[in-house]
Amino acid sequence: MKKIDINNNRVFGLDILRTCAILFVVFQHSNFLFNTKILADINYNIFGFDGVSIFFVLSGFLIGGVLIKTIENKRDEKNVLLNFWIRRWFRTIPNYFLILIILLLLNLLFTEGFSFGKKFPLNFFTFTQNLFYQHPSFFPEAWSLSIEEWF
């Protein structure tokens, strides 16, 4: 019989929270399937905000833990925080810009002008698309990354 190797660094409770957050977000994004007002209200009032809130808390907790361990292990090194941010940015920013550029190209090819108005959305490149105004309808998934990058 083969022995199963269990990762001792995993926290089962956090995995349950992550699962709940995923289910809440999926349920919230599937609200177009529900035609009755009751189901729409349940979806919005219970699952609409909680999934994203759980992801923000988990992200802060996990990334904060990694940052604290990094600082503790490399106290003598300069620029520990900068190196941490650079590694994190190289995991997230290239994918964000790739999707952003693909969406911009598809938007130019398949719509008359831009679907977000006549102005080119430079604010998506600086993560300021929802800094002063409500997030535009173009690339709605980008709102959370802009908040994460700023805060």
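Described in the following lines is the structure provided in the data block. (Residues numbered from 1 in each chain as written. Predicted model: local features only at pLDDT ≥ 70, side-chain atom pairs only at ≥ 80, totals over all residues. Heavy atoms only, no water.)

**Things to note about the overall build of the protein chain**
Heads up, the rule is: Counting from the N terminus, the helices are DSSP H or I runs at least four residues long and the strands are E runs at least two residues long. A 1.4 Å probe rolled over the protein chains alone gives each residue an accessible area, and that area as a share of the maximum for its type sets the label: buried under 20%, exposed over 50%, partly exposed in between. Two residues form a contact once any of their heavy atoms are found within 4.5 Å. The accessible surface values rely on the Shrake-Rupley method and a 1.4 Å probe; as for residues, cover is taken only from the protein chains in view.
Tallying secondary structure elements over the protein chain gives 5 helices and 0 strands in all. Residues counted as buried form 22% of the 151 residues belonging to the protein chain. Of the contacts formed within the protein chain by residues at least 6 apart in sequence, a portion of 50% connects residues at least 24 apart. Looking at the protein chain as shown, the accessible area adds up to about 12,000 Å², and 67% of this sits on carbon and sulfur atoms.

**Focus on the nonpolar core**
We apply this condition: Only buried Ala, Val, Leu, Ile, Met, Phe, Trp, Tyr and Cys residues count toward a nonpolar core, and they belong to the same one when joined by side-chain atoms within 4.5 Å.
Among the nonpolar cores identified, the biggest contains 10 residues, and these are Ile93, Tyr96, Leu100, Leu104, Phe124, Phe127, Phe138, Phe139, Ala142 and Leu145. Mapped by element, the contributors of at least two residues to this core are α4 (80-110) and α5 (142-150). Setting aside its immediate chain neighbours within four residues, Ile93 contacts Phe127 and Glu149. In this structure, Leu14, Phe24, Ile54 and Leu58 belong to the second largest nonpolar core, which totals 5 residues.

**Here we look at the packing of aromatic side chains**
For clarity, the cut-off: Classification of ring pairs uses Phe, Tyr and Trp, with its six-membered ring standing for Trp, and accepts pairs whose centres are within 6.5 Å; under 30 degrees between planes counts as stacked, over 60 as edge-to-face, and the remaining range as tilted.
This structure, assessed with the given rule, holds 7 aromatic pairs. An angle of 65 degrees between the planes, with centres 5.3 Å apart, marks the rings of Tyr96 and Phe97 as edge-to-face. Since its relative accessible area comes to 6%, Tyr96 is described here as buried. Look at Phe97 and Phe125: their rings are 5.7 Å apart centre to centre, the planes differ by 10 degrees, and that puts the pair in the stacked class. Pair noted here: Phe97 is in helix α4 and Phe125 is in the loop between α4 and α5, with a separation of 28 residues, a long-range link. In this structure Phe125 comes out as partly exposed when scored by relative accessible area, which is 29%. Put simply, the rings of Tyr96, Phe97, Phe124, Phe125, Phe127 and Phe139 touch in pairs and so form one group of aromatic residues.

**Comments concerning the pattern of salt bridges**
Our working rule: Note on definitions: salt bridges are taken to be side-chain nitrogens of Lys or Arg within 4 Å of carboxyl oxygens of Asp or Glu.
Under the definition given, this model contains 1 salt bridge. Between Arg18 and Asp15 there is a salt bridge whose closest N-O contact spans 2.7 Å. Residue Arg18 and its partner Asp15 are both found in helix α1 (residues 12-29); the two are separated by 3 residues, about one turn of the helix. By relative accessible area, which is 27% here, Arg18 ends up partly exposed.

**Section: the environment of Ile71**
Tracing the backbone through its elements, the reader meets Ile71 in helix α3 (residues 50-73). You can call Ile71 partly exposed: its relative accessible area is 37%. Between the C-alpha atoms of Ile71 and Leu81, which are 10 residues apart in sequence, the distance is 7.5 Å.

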